[in-house]
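# Fold and geometry: a report
This is what each chain is made of:
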Amino acid sequence: MSSVTTEGIRVTVKPTFWPERSNPESHQYAFMYTVEIVNTGGEPAQLRSRHWIITDATGKVEEVRGEGVVGKQPRLAPGERFEYTSWAQLRTPFGSMRGAYTMERPDGRQFEARIGEFALTQPHSLH
């Protein structure tokens, strides 16, 4: 799990292994993660885009960039929250993810809300 606050935007991520979508014999390990974005600050902010950095156990890095999250660009007034669940697939039983959301204030000013690094781990894969 990770939780980081940037300019009043708190991003908390809770990952879990997804056995139904995984096939270890084929080196496919699926992980779900639930993200909660909370505006703890005093100004509204809208999520414009995402940037994920996904690293597997061999050090292979994949970067994912795109508009919004799950097809949405949520606008959060102070005190509001947005939650969604997505997933990622690795070729190793463990790895990590981190990244940032590009957020925009009503005046057009943009900033990066950091997504702290969190582990993706198949249960019992680390001894």
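A quick note: this is a predicted structure, and the numbers were derived from the prediction, not measured.

### Focus: the side chain of Asn39
On the secondary structure map, Asn39 appears in strand S3 (residues 29-39). Discounting chain neighbours no more than four positions away, the residues touching Asn39 are Gly8, Ile9, Pro44, Ala45, Leu76, Ala77, Pro78, Gly79 and Glu80.

### Comments concerning the sheet that holds strand S7 (residues 81-90)
Across the sheet, which stays open at both edges, the 4 strands sit in the order S1-S2-S3-S7 with antiparallel pairing between neighbours. Among the strands making up the open sheet, the edge pair consists of strand S1 (2-6) and S7. Within this sheet the neighbouring strands show an average axis-to-axis angle of 20°, counted without direction. Here S1 pairs with strand S2 (residues 9-17) via 5 bridges, running antiparallel. Considered in S2, the bridge of Ser2 is made with Val13.

### A look at the side chain of Thr92
Mapped onto the fold, Thr92 is located in the loop between S7 and strand S8 (94-104). Taking the relative accessible area as the measure of exposure, Thr92 reaches 10% and is therefore buried. A polar contact of 2.9 Å, which involves the side chain of Thr92, links it to the backbone nitrogen of Ala57. Here the side chain of Thr92 touches Phe94 through a polar contact of 2.8 Å, landing on its backbone oxygen. Sequence-distant contacts of Thr92, defined by excluding residues within four places in its chain, comprise Tyr29, Phe31, Asp56, Ala57 and Thr58.

### A word on the packing of aromatic side chains
One pass over the full model with this rule turns up 7 aromatic pairs. Judged by centre distance (6.1 Å) and plane angle (50°), the rings of Tyr33 and Phe118 are tilted. Here Tyr33, found in strand S3, pairs with Phe118, found in strand S9 (residues 110-121); they are 85 residues apart in sequence, far enough to count as distant. Judged on exposure class, the residue Tyr33 and its partner Phe118 are both buried. Centre to centre, the rings of Phe82 and Tyr84 are 6.1 Å apart; their planes meet at 35°, and the pair counts as tilted. The class of Phe82 is buried, set by a relative accessible area of 15%.

Reading the values: rules and limits
- Residues numbered from 1 in each chain as written.
- Predicted model: local features only at pLDDT ≥ 70, side-chain atom pairs only at ≥ 80, totals over all residues.
- Heavy atoms only, no water.
- Helix = DSSP H or I, 4+ residues; strand = E, 2+ residues; numbered from the N terminus.
- Contact = heavy atoms within 4.5 Å.
- Pairing = 2+ DSSP bridges.
- Axes fitted to C-alpha atoms, helices over the stretch in contact; angles between N-to-C directions.
- Buried < 20%, exposed > 50% of the residue type's maximum accessible area, 1.4 Å probe, protein only.
- Polar contact = N/O pair within 3.5 Å; in protein donor to acceptor, adjacent residues only side chain to side chain.
- Phe/Tyr/Trp six-rings, centres within 6.5 Å; stacked < 30°, edge-to-face > 60°.

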